[in-house]
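# Remarks on the overall topology
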Amino acid sequence: MEHVPLSWYLILSAVLFALGVAGFIYRKSVLTVFMSIELMLNAVNLSFISFSYELQRIDGQIYSFFVMVVAAAEAAVGLAIILTIFKNRGTLQIDEVDSMKL
Amino acid sequence: MIDTILFIIFAIVAIVSGFNLVLQKHPISSALSLMGVMGSLAVLYLLLGAEFLAMTQMIVYGGAVMVLFVFVIMLLNAGTEKGSAKSWFAQIAGLPLLLCLVALLGFLIRSVLPPFRHVEFGSWVGGTAEHIGQLLFTTYLLPFEVISILILIAILGAVVLARKEID
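Heads up: these notes are all about the structure in this document.

## Remarks on the overall build of chain B
Looking only at helices and strands, chain B has six helices and one strand in total. When its helices and strands are written in sequence order, chain B yields α-α-α-α-β-α-α. In terms of principal-axis extent, the alpha carbons of chain B reach across some 60 × 45 × 30 Å. Buried positions account for 26% of the 167 residues belonging to chain B.

Set out below in structure tokens:
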């Protein structure tokens, strides 16, 4: 086997996405949940770029670029929200912030 | 041959860092693991011929976003997270369902989709700054402008949310 098949990249992307989902569901710290979201966005970017290689078109890379921009904006706003939560409640545990829960 | 070795090394680094992100108890360890994932993904982008995006990944994620994360962790003095009671459904069904998700995606990729080409480093370099810029300022001009407005709104939102109330 000389070269890597593209499906390996896609499977790596699927594994990283599943890890992101696991972190999102299992972790209790707001910051780590947020990092898991970033991990999922990165995994999706990898599969966008893999499909861009498969089709030999760079449209997929443009979409990936847009995902990166949106992720950066989301990180800025999300971390500001985390700062506000900490200022108002003094905790970072996600299950102690439950005033919108039924 | 060299690209196979590089792929295997950096795929392993990415997966190990991903596991470390999920398993570590302290947020700063998770942040460093996330940095490992992002760096190895940048190398994989380079192997796929996306030069510009590999550099953007390093600058935007490895630089800006991670600095923001580490800054907030230090600012809030975030310590080890306390393990609290998880719901019984997540405890019993969470891991099997996740394995099902990965198995389903792997089956879809290997068997259902048509066979993919092999990745040969350097055989197709489509993602240079020239090509990306040309497409970004012709075909994707409107999304580009819209996303710049989105960034502006995000900056304003971050400032408004994080400012200190002056009484």
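## Some details on the overall build of chain A
Helix and strand counts for chain A come out as three helices and one strand. Moving toward the C terminus, one meets the helices and strands of chain A in the order β-α-α-α. The C-alpha radius of gyration of chain A comes to 17 Å, more than 25% above the 13 Å expected for a compact globule of 102 residues. The C-alpha extent of chain A, read off along each of the three principal axes, is 55 × 25 × 25 Å. Counting every position in chain A, which comprises 102 residues, the buried fraction comes to 49%.

## Considerations on helix H3 (residues 59-89) of chain A
Spanning 31 residues, H3 of chain A covers 44 Å between terminal C-alpha atoms, matching the ideal 45 Å at 1.5 Å per step. In the stretch just after H3 of chain A, Gly90 of chain A is the one whose phi turns positive, near 70°.

## Side note on the interface of chain A and chain B
Facing the 58 residues of chain A at the interface are 69 residues of chain B. Taken together, the elements giving at least two residues each to the side of chain A that touches chain B come down to strand S1 (4-5), helix H1 (6-26), helix H2 (30-55) and H3 of chain A. In terms of residue count, H3 of chain A provides more of the side of chain A that touches chain B than any other element does, 19 residues in total. Partitioning the side of chain A that touches chain B into residue classes produces 41 nonpolar, 12 polar and five charged. Sheet topology places S1 of chain A next to strand S1 (residues 118-119) of chain B; two bridges connect them, and they run antiparallel. Bridging across to S1 of chain B, Val4 of chain A finds its partner in Val119 of chain B.

So, how was this worked out
- Residues numbered from 1 in each chain as written.
- Chains lettered and ligands numbered in written order.
- Predicted model: local features only at pLDDT ≥ 70, side-chain atom pairs only at ≥ 80, totals over all residues.
- Helix = DSSP H or I, 4+ residues; strand = E, 2+ residues; numbered from the N terminus.
- Buried ≥ 20, exposed ≤ 12 C-beta atoms within 10 Å, placed from the backbone.
- Rg over C-alpha atoms; globule rule 2.2 N^0.38 Å.
- Expected span 1.5 Å × (residues − 1).
- Contact = placed C-beta atoms within 7 Å.
- Nonpolar A, V, L, I, M, F, W, Y, C, P; charged D, E, K, R; others polar.
- Pairing = 2+ DSSP bridges.

These figures capture arrangement, not role.
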